[in-house]
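Take a look at the letters that make up each chain.
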Amino acid sequence: MQLKYETNNNTLIVELEGELDHHVAEDIRIELDDIIERKRIRNLIFDMGLLHFMDSSGIGVIMGRYKNISKLGGKVAVVEVPDKIDKIFTLAGLYRIVEKYQNKREAINRM
Amino acid sequence: MEYKNYMKLEFESKSQNEAFARVVVASFAAQLDPTIEEITDIKTAVSEAVTNAIIHGYENTTGIVKVTCYIINQELEVIIEDEGRGIEDIEKAKEPLYTSKPELERSGMGFTVMETFMDEVDVYSEAGLGTKIRMVKKFKSLIADE
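Let me sum up the structure you'll find in this document. (Residues numbered from 1 in each chain as written. Chains lettered and ligands numbered in written order. Predicted model: local features only at pLDDT ≥ 70, side-chain atom pairs only at ≥ 80, totals over all residues. Heavy atoms only, no water.)

Take the overall build of chain B next. When helices and strands are counted, chain B shows five helices and five strands. Beginning at the N terminus, the succession of helices and strands in chain B can be written as β-α-α-β-β-α-α-β-β-α. Taken over C-alpha atoms, the radius of gyration comes to 15 Å for chain B, in line with the 15 Å a tight globule of 146 residues would show. When the backbone C-alpha atoms are referred to their principal axes, chain B occupies close to 45 × 30 × 25 Å. (Helix = DSSP H or I, 4+ residues; strand = E, 2+ residues; numbered from the N terminus. Rg over C-alpha atoms; globule rule 2.2 N^0.38 Å.)

Structure representation (structure tokens):
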């Protein structure tokens, strides 16, 4: 699992690459929370374009970040969602709390 | 039971083995000529069941997880077993978004994912003895050929 990120004002854009399962979820959570705190992040965008595999552990990671971010008035979005991952997001009702956009540009403009 | 092929895998309840287990089962299923979508469904369901065995069955203590696969009548049967603490209330565990471990940020979607992505899911569990999950996947490409 590789995690790359960039910031745009107070928005954090995280590119997830590889496989997101229970084994890597804990490390990702710690790393993200650290960046969010250090860089005073308000909104968070997950770019899923290079994510080849995700199980329900990924839902836990996104929902957990949503809880923290929304308490501070921020929003969470997902972009470039592959069909197989879209299926899991829909199943979990994730789109009731997290917006889906085509790409990060659209997400930045509309958040 | 008549089966065309069989395999059995045993490994320690370490989270590193989650990826190993799902890749092995997906490779075994490849002989049934599945679509990419069907392979993803199997990998995801296996990942959920193995993760449950590690987190909930053994609660991160060391134990053995067993994965057995049969090919029967163009279908794949996968059985995932642990000898961990077992599930007290299976119906409760199956409810979407229910988790006994919210502090670990588990989403509570494991059984829902298994039931959505596989054609059959049966759960057998006894407190203190362990849990056995039996899942069946039917392959559309093969059903169409019959």
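Right, picking up where we left off after that structure.
We now examine helix α4 (residues 110-117) of chain B. A large share of α4(B) lies buried, amounting to six of its eight residues. Residues of α4(B) that are buried include every one of B:Gly110, B:Phe111, B:Thr112, B:Val113, B:Met114 and B:Phe117, and no others. Here the buried face of α4(B) lies against α2 (56-71) and α3 (83-92) of chain A together with α2 (36-57), α3 (90-94), β4 (120-126) and β5 (130-138) of chain B. (Buried < 20%, exposed > 50% of the residue type's maximum accessible area, 1.4 Å probe, protein only. Contact = heavy atoms within 4.5 Å.)

Moving on, we get to the pattern of salt bridges. Evaluated as defined, the whole model comprises 25 salt bridges over all chains. The partner of B:Glu105 in a salt bridge is A:Arg29, and the shortest N-O contact between them spans 3.0 Å. Of this pair, B:Glu105 sits in the loop between α3 and α4 while A:Arg29 sits in helix α1 (residues 22-38), on two different chains. Since its relative accessible area comes to 18%, B:Glu105 is described here as buried. A relative accessible area of 13% means that A:Arg29 is categorised as buried. When the shortest N-O distance is used, the salt bridge between B:Lys101 and B:Glu59 registers 2.9 Å. Of this pair, B:Lys101 sits in the loop between α3 and α4 while B:Glu59 is found in the loop between α2 and β2 (64-72), placing the two residues 42 residues apart along the sequence. With a relative accessible area of 13%, B:Lys101 lands in the buried category. Salt bridges here are not isolated pairs; linked through shared partners, they connect A:Glu26, A:Arg29, A:Asp33, A:Arg65 and B:Glu105. (Salt bridge = Lys/Arg side-chain N within 4 Å of Asp/Glu carboxyl O.)

All names here are of chain B. Counting across every chain of the model gives five aromatic pairs over all chains. Feature note: the residues Tyr3, Tyr6 and Tyr70 constitute an aromatic cluster, connected by ring pairs. Just above the ring of Tyr124 sits the side chain of Lys132; from NZ or CZ to the centre is 5.9 Å. (Phe/Tyr/Trp six-rings, centres within 6.5 Å; stacked < 30°, edge-to-face > 60°. Lys NZ or Arg CZ within 6 Å of the ring centre and 35° of its normal.)

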